Amino acid sequence: MSIQHNLTHIQNNLPDNVTLVAVSKTKPIQLLQEVYDCGQRVFGENKVQEMVEKHEHLPKDIEWHMIGHLQRNKVKYMAPFVSLIHAVDNFKLLKEINKQAKKNNRTISCLLQLKIALEDSKFGLSQTELENLLHSDELKSFEHIKIVGLMGMATFTDNEKQVTDEFNYLKTVFNTLKHYKSLNCNLQTLSMGMSGDYKHAINCGSTMVRIGSSIFGERTYNT
Ligand SMILES: *Cc1c(COP(=O)(O)O)cnc(C)c1O
């Protein structure tokens, strides 16, 4: 199947309120251009260096999302252009994002990652840690970030009940916290769902799906 066919098929199956992030990690620029030419403007990468290179070579109206686990010392390279950071899971990282956003005279939008998978290899905050972070006084002083939602990754399993339980849990936490608003916090976006599980995620209330292999085909290496 062609990329164009894959993309159209997915777009036709997404409700209007769900944003598609085309996850282009490991894929060459020419394939991203092809997807861009089909009208897609939101791309997700999980490595800063790769995203910086692709940003340099592709049209400037692309919205770049950092979806991977992020190291503090890499934030500065993407701070001039990144539009959403999905997987923020600690305070020091937020502090660094705020600092680099300020240097670039910008506000950077972030999602907090809730740990929802049972397997302990996945990153993310517990519900308590997430609430503490959100309500902390120091957060209010971060004038160059905006926390706009939550993100989570379900366990990689064929067990559909487990996956939907995990998504439902994230949705429940989201519903609890979305009433909390401050100067730099207003939770509107719920980023959950990948190629294998995005239909479940949408049924559970996702507003943003991160889809790679169902658009671009399988990745030859997977990092
Ligand atoms: C790679 C990746 C995806 C997309 O995975 P697919 O299964 O190819 O759709 C989504 N989210 C994150 C955080 C990823 O690293």
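Residues numbered from 1 in each chain as written. Predicted model: local features only at pLDDT ≥ 70, side-chain atom pairs only at ≥ 80, totals over all residues. Heavy atoms only, no water.

### Overview of helix α8 (residues 160-177)
- Its 18 residues give α8 an end-to-end C-alpha distance of 26 Å, which sits within 8% of 26 Å, the value for a rise of 1.5 Å per residue.
- Those residues of α8 that fall on the buried side of the exposure criterion are Q162, V163, E166, F167, L170, V173, F174 and L177. Down the axis of α8, the sector holding all buried residues measures 135°, keeping them to one side. Facing away from the buried side of α8 by more than 90 degrees, the exposed set consists of E160 and K161.
- Where α8 is buried, its residues contact α6 (127-135), β6 (145-151), β8 (185-191) and α9 (198-203). (Helix = DSSP H or I, 4+ residues; strand = E, 2+ residues; numbered from the N terminus. Expected span 1.5 Å × (residues − 1). Buried < 20%, exposed > 50% of the residue type's maximum accessible area, 1.4 Å probe, protein only. Arc of directions from axis to C-beta. Contact = heavy atoms within 4.5 Å.)

### A short note on the site of the ligand
- Around the ligand sit V23, K25, I67, M153, M194, S195, R210, I211, G212, S213 and R219, and that is every residue in its neighbourhood.
- One of the side-chain nitrogen or oxygen atoms of K25 is found 2.6 Å away from an oxygen atom of the ligand.
- The contact in question runs from an oxygen atom of the ligand to an N or O atom on the side chain of R219, over 2.8 Å.
- Considering the ligand on its own, with 390 Å² of exposed area, one finds that the protein chains cover 90% of that surface.
- Of the residues belonging to the shell around the ligand, the class tally is 5 nonpolar, 3 polar and 3 charged. (Near = heavy atom within 4 Å. Polar contact = N/O pair within 3.5 Å; in protein donor to acceptor, adjacent residues only side chain to side chain. Areas by Shrake-Rupley, 256 points an atom, 1.4 Å probe, with all protein chains shown as cover. Nonpolar A, V, L, I, M, F, W, Y, C, P; charged D, E, K, R; others polar.)

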